[in-house]
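An overview of the molecular structure
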Amino acid sequence: MQLIDPNHPTYRHLWVRVLIVVVCFGWGIFEFIGGDPFWGVLAGGAGAYSFYMLIWTFDPKPPETAAVVTPDDEDGDKPAIEEEKKAE
């Protein structure tokens, strides 16, 4: 299960990715100092996961272009007007 999409345009700049990791770890330290280790572990875990996804294994891919769909007329689905003209 992927919680962070590394191909999102928000994560294109390095400073954004580093800021997210620093804020998560900073909040974890703040919670430990404040005496609440449960939330400190959760914030530290979020920091570790964001570090892994946004810095350690970050490999952005170029955006995919949508394929152009062209209707093929091989199956015989023609407009009724053309079929009427041929019948006359």
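Each remark here, short or long, concerns the structure printed above.
Below is a summary of the structure that appears in this document. (Residues numbered from 1 in each chain as written. Predicted model: local features only at pLDDT ≥ 70, side-chain atom pairs only at ≥ 80, totals over all residues. Heavy atoms only, no water.)

**Structural notes on the side chain of Glu-31**
Here is the rule we go by: Labels follow the DSSP assignment, with helices taken as runs of H or I lasting at least four residues and strands as runs of E lasting at least two, numbered in each case from the N terminus. Burial status follows relative accessibility: with a 1.4 Å probe on protein chains alone, a residue under 20% of its type maximum counts as buried, one over 50% as exposed, and anything between as partly exposed. Only four residue types enter the tally: Lys and Arg on the positive side, Asp and Glu on the negative side, with His and both chain ends excluded. The salt bridge criterion pairs a side-chain nitrogen of Lys or Arg with a carboxyl oxygen of Asp or Glu, the two atoms within 4 Å. Contact between two residues is taken to exist if any of their heavy atoms lie within 4.5 Å; hydrogens are not considered.
Within the element layout of this structure, Glu-31 appears in helix α1 (residues 14-33). This buried residue, Glu-31, is left without a salt bridge; Arg-17 holds the nearest opposite charge, at 25 Å. Beyond its immediate stretch of four places on either side in the chain, Glu-31 contacts Asp-36, Trp-39 and Gly-40.

**Some details on the packing of aromatic side chains**
This is how it is decided: Stacked, tilted and edge-to-face are the three classes assigned to paired rings of Phe, Tyr and Trp, where Trp is represented by its six-membered ring and a pair needs centres within 6.5 Å; plane angles under 30 degrees give stacked, over 60 edge-to-face, the rest tilted.
Summed over the entire model, instances satisfying the criterion amount to three aromatic pairs. Residues Trp-27 and Phe-30 carry aromatic rings whose centres are separated by 5.0 Å and whose planes lie at 40 degrees to one another, so their mutual orientation is tilted. One end of the pair is Trp-27 and the other is Phe-30, both in helix α1 and three residues apart, which spans about a single turn. Measuring from centroid to centroid gives 6.2 Å for Phe-51 and Trp-56, while their planes differ by 45 degrees, and the two rings are tilted.

**Quick look at the nonpolar core**
How we decide: Note on terminology: a nonpolar core comprises buried Ala, Val, Leu, Ile, Met, Phe, Trp, Tyr and Cys residues joined through side-chain atoms within 4.5 Å.
Among the nonpolar cores identified, the biggest contains five residues, and these are Ile-4, Tyr-11, Met-53, Leu-54 and Phe-58. Excluding its chain neighbours within four sequence positions, the residues that come into contact with Leu-54 are Ile-4, Tyr-11, Arg-17 and Ile-20.

**What about the packing of α1 against helix α2 (residues 37-56)?**
Describing two packed helices takes the angle between their axes plus the distance from one axis to the other. The line we're drawing: Axis definition: a line fitted to C-alpha atoms, limited for helices to the stretch in contact. Angles are taken between N-to-C directions and run from 0 to 180 degrees. Here roughly perpendicular refers to angles of 65 to 115 degrees, roughly parallel to angles under 35, roughly antiparallel to angles over 145, and oblique to all remaining angles. By the definition used in this description, the sense in which the near helix is turned from the far one sets the handedness, with an anticlockwise turn below a right angle giving left-handed and a clockwise turn giving right-handed. Note on residue classes: Ala, Val, Leu, Ile, Met, Phe, Trp, Tyr, Cys and Pro are nonpolar, Asp, Glu, Lys and Arg are charged, and everything else, Gly too, is polar.
Where α1 meets α2, the axes come as close as 7 Å, and the angle between the chain directions of the two elements is 165 degrees. Comparing the axis directions of α1 and α2 gives the class roughly antiparallel. The handedness of the crossing between α1 and α2 is left-handed. For the contact of α1 with α2, the residue count by class is 16 nonpolar, five polar and two charged.

Shape is all these values report; function is a separate question.
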